[in-house]
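Take a look at the letters that make up each chain.
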Amino acid sequence: MRFARRMEFGPGPNVDLEREGVYARFAAGPRARRTLIPELCLDKTFHIVTFGCQMNVGDSDWLARALIARGWRQVDERDAWLFVVNTCSVRDKPEQKVYSELGRLLTHQRGKPGLTAAVGGCVAQQIGKGFFDRFPFVRLVFGSDGVAGAPDALDRLAEDPSARIALLDFLAAYPERQDVLTPVAAAPAFDADQGEPGAGPATQKGQAFVNIMQGCDNFCAYCIVPYTRGRQKSRQPEAVLAECRQRVEQGAREITLLGQNVNSYGLDPSARGGGAGVGFAGLLRQVAAIPGLLRLRFTTSHPKDIDPAVIRAFGELANLCPSLHLPLQAGSDAVLKRMGRKYDRARYLDIVRELRAARPELSLTTDLIVGFPGETEEDFAATLEMMERVRFESSFSFCYSDRPGVAAVRMTPKVEDAVSKARLLRLQSLQNSITKESLKSLEGHEAIVLLEAKSRRQDDGPSFWRGRDEAGRVVNLRLDDVAAAGPEEVGLELAGLLVRARIKEAKNHSLLGEKVGQPW
Ligand code: SF4
């Protein structure tokens, strides 16, 4: 194993640790020490592991395409020399999760000297250069504003075996990213960790995620995002539209617009961001008008900022999908107030009524937290009651846990773990029964399914496919006659196509359909 001996210094302010910068700082600073860094193998192959929400999935998607455009190759884990771990800190024990993933890679590294890792996302923003100390093979850390600079940094690491780089500064405006011309099909799906709040499918052929903003100004009492992703910065609408047009030209039939709180797009205080005067409703209409775009989605929406024009858009834009993820978080006004959510249950129910008036078939999903500090049994009963009234098709629910630095850490009384867990089970059991009834009501109906990949269930056989209907529900269906070309060719040809399906049976969390006509 070859090592480059170099000087490194301890945790300090967020700085770009380029070689010259490090030596200059070392000369001036007292906290220097020696670190051995493995050289990055010149074989530019990479593999991305993505944890967390769709923002992370979107960031990983862009990073993969940017690296491919620079001559890197995206490969299976066993063949990769560079690992990018895109991290999330919303859920419990995020650091341990990342350390365990890096530990696993370290084991992998034993037979592969030269293997290098980059750590991005929320945990990288929090731990920063601490990763360099603990894992010598980590040579790049980048936060959410640092993603745009990550491809340059990785190229630099490939050329300079002694460099380690940290991209952790928050920038004043949305950091526009390199225009990536790599076709959608060239970037395979990621190992996205499903089931996080707001998480959705990993990126697939025919689908594209497009960022419209970064960061959040809401500072909900339990949430670490404003600290790890910085303040809200809206992207210029021209840049959003250009990327959407490009993705459609490359084959995307469905686009998901991404932001921590898309409803406040263009409302950034001062001149930090773009989108002023356009607003989210205006942007939505402009994107929906792109020729060839068949499906448009967006996430995530904060109820307090939803504009009546966005609600009307559900009734007016034919390609705006009939689904909305609208985080409720809690059904009790007292808890919502302590959370700092700035809406109450009456306002939330009004929004739901208006949405369903605009689009009766709208499928609503949500996020819920149980055991927030001070939550009583009556508060929890109010959450169950809201679930019954709104009848969410599905929800991401989890027990509250302290995140360092957020306001809720100081709130008391804390709810005992056992109580929170018992409440979570009750809530999830209610959700399961609502989900089941809701899916059952679709039996006999027809849906248009965007094909994603072959079914994960081995015993379904090679001609069994998985896709999503207009509302984002998973539909599995057999494509026997189209599968005649053989598994590999079918995989290439069918992903990203649409097919009409009749729903035969509702499963617990998905639908079983049968093809009606040929895919297109
Ligand atoms: Fe976090 Fe609240 Fe911002 Fe959502 S709106 S990212 S929960 S602070």
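Residues numbered from 1 in each chain as written. Predicted model: local features only at pLDDT ≥ 70, side-chain atom pairs only at ≥ 80, totals over all residues. Heavy atoms only, no water.

J.: What exactly am I supposed to notice about the environment of E249 here?
T.: Looking at where E249 falls in the secondary structure, it is placed in helix α8 (residues 237-249). On a C-alpha basis, the gap between E249 and G292 in space is 8.1 Å, while along the polypeptide they are 43 residues apart. (Helix = DSSP H or I, 4+ residues; strand = E, 2+ residues; numbered from the N terminus.)

J.: Help me understand the nonpolar core, please; the structure alone is not making it clear to me.
T.: Across soluble globular proteins, you tend to see nonpolar side chains buried next to one another. Counting residues in hydrophobic clusters, the biggest one holds 71 residues, and the most contacted among them are L257, L284, V287 and F298. Element by element, the count of residues in this core is highest for helix α9 (residues 279-288), at six residues. With sequence-adjacent residues up to four places away left out, L257 is seen in contact with V210, I212, V240, C244, V262, F280, L284, V287, L296, R297, F298 and T299. (Core = buried A, V, L, I, M, F, W, Y, C linked by side-chain atoms within 4.5 Å. Buried < 20%, exposed > 50% of the residue type's maximum accessible area, 1.4 Å probe, protein only. Contact = heavy atoms within 4.5 Å.)

J.: Looking at this model, I keep getting lost on empty space enclosed by the protein. Mind explaining?
T.: In this approach the atoms are scanned with a rolling probe the size of a water molecule, which exposes any empty space left behind. With the rule as written, the count across this model stands at two cavities of 30 Å³ or more. Volume-wise, the largest cavity comes out at about 100 Å³. Together, 13 residues line the largest cavity, and W62, R177, N211, R235 and E243 are the ones closest to its centre. Among the elements that take part in the lining of the largest cavity, helix α2 (residues 54-69) stands out by supplying four residues, more than any other. Residues that form the lining of the largest cavity fall into these classes: five nonpolar, two polar and six charged. (1 Å grid on protein atoms, 1.4 Å probe; cavity = no way out; pocket = protein on both sides within 12 Å on 5 of 7 lines; lining within 4 Å. Points joined across faces, edges and corners; volume = space filled by probe spheres on them. Nonpolar A, V, L, I, M, F, W, Y, C, P; charged D, E, K, R; others polar.)

J.: What's the story with the pattern of salt bridges in this structure? I'm lost.
T.: Pairing is possible between side chains that carry opposite charge, provided their charged atoms lie close to one another. Across all of its chains, the model carries 39 salt bridges by this definition. Between E388 and R391 there is a salt bridge, with the nearest N and O atoms lying 3.6 Å from each other. Classification of R391 by relative accessible area gives partly exposed; the value is 32%. For R473, the salt bridge goes to D469, with nearest N and O atoms at 2.7 Å. (Salt bridge = Lys/Arg side-chain N within 4 Å of Asp/Glu carboxyl O.)

J.: How should helix α13 (residues 377-390) be read in this particular structure?
T.: For the α-helix, the turn length of 3.6 residues means that residues three or four positions removed from each other point alike. Between its first and last C-alpha, α13 extends 20 Å over 14 residues, near the 20 Å set by a 1.5 Å rise per residue. Regarding α13, the residues found buried are D379, F380, A382, T383, L384, M386, M387 and V390. The elements touched by buried residues of α13 are α11 (333-339), α12 (345-358), β15 (363-370), β16 (394-399) and α14 (417-440). Downstream of α13 by one or two residues, R391 has phi in the positive range, about 55 degrees. (Expected span 1.5 Å × (residues − 1).)

J.: Help me understand the site of the ligand in this model?
T.: Neighbouring the ligand are C216, N218, F219, C220, Y222, C223, V225, P226, Q260, H302 and R341. By residue class, the composition of the shell around the ligand is seven nonpolar, three polar and one charged. (Near = heavy atom within 4 Å.)

J.: Is there a simple way to think about the packing of α9 against helix α10 (residues 308-316) in this case?
T.: The relative placement of two packed helices is expressed as an angle between their axes plus a distance between the axes. Contact geometry of α9 with α10 gives a least axis separation of 8 Å together with a crossing angle of 25 degrees. Between α9 and α10, the interaxial angle falls into the category roughly parallel. For the pair α9 and α10, the contacting residues are F280, A281, L284 and R285 in the first and A309, V310, A313 and E316 in the second. (Axes fitted to C-alpha atoms, helices over the stretch in contact; angles between N-to-C directions. Parallel < 35°, antiparallel > 145°, perpendicular 65-115°, else oblique.)

J.: I'm lost on the sheet that holds strand β18 (residues 464-468) in this one. Help?
T.: Working definition: the strands of a sheet are paired by backbone hydrogen bonds and lie parallel or antiparallel to each other. Overall, mixed pairing links the five strands, which are arranged β17-β18-β19-β21-β20 in a closed barrel. Sheet twist, expressed as the mean angle between neighbouring strand axes with direction ignored, is 50 degrees. (Pairing = 2+ DSSP bridges.)

J.: Please explain unusual backbone geometry as it appears in this structure.
T.: Note: most peptide bonds trans; most residues except glycine with negative phi. With omega at 5 degrees, the peptide bond leading from T299 into T300 counts as cis. Its location among the elements puts T300 in the loop between β13 (295-299) and α10. Residue T412 is joined to P413 through a cis peptide bond whose omega torsion reads -5 degrees. In this structure, P413 sits in the loop between β16 and α14.

J.: For this particular structure, what's the right way to read the sheet that holds β13?
T.: In space, the three strands of this open sheet follow the order β9-β12-β13, with parallel pairing throughout. Looking along the sheet, the strands with just one partner apiece sit at the ends: β9 (207-211) and β13. On average, each strand axis in the sheet is inclined to that of its neighbour by 20 degrees, with strand direction left out of account. With five bridges connecting them, strand β12 (residues 254-258) and β13 associate as parallel partners. Paired with T256 across the strands is R297, a residue of β13.

J.: Teacher, can you tell me more about the side chain of R468 here?
T.: Secondary-structure assignment places R468 in strand β18. Accessibility expressed as a relative area gives 18% for R468, which makes it buried. Only 3.1 Å separates the side chain of R468 from the side chain of E452, close enough to count as a polar contact. (Polar contact = N/O pair within 3.5 Å; in protein donor to acceptor, adjacent residues only side chain to side chain.)

J.: Honestly, the packing of aromatic side chains in this entry has me stumped. Any pointers?
T.: Aromatic ring pairs are reported here in terms of the distance separating the ring centres and the angle at which the planes meet. Summed over the entire model, instances satisfying the criterion amount to 10 aromatic pairs. Considering the side-chain rings of Y99 and F131, the 5.8 Å spacing of their centres and the 65 degrees angle between planes classify their relative orientation as edge-to-face. A residue pair is termed long-range when its members are at least 10 positions apart, and Y99 in helix α3 (residues 94-110) and F131 in helix α5 (residues 130-134) qualify at 32 residues. By relative accessible area, Y99 is classed as buried at 17%. (Phe/Tyr/Trp six-rings, centres within 6.5 Å; stacked < 30°, edge-to-face > 60°.)

J.: Explain the pairing of strand β21 (residues 511-515) to me, please; I cannot follow it from the model alone.
T.: The side chains of a regular strand alternate between both faces of the sheet. Where strand β19 (residues 474-478) and β21 come together, four bridges link them in parallel fashion. Paired with V475 across the strands is L511, a residue of β21. As paired strands, strand β20 (residues 498-506) and β21 are joined by five bridges and run antiparallel to one another. If you follow E505 over to β21, its bridge partner there is L512. Counted between consecutive antiparallel strands, the loop separating β20 from β21 contains four residues.

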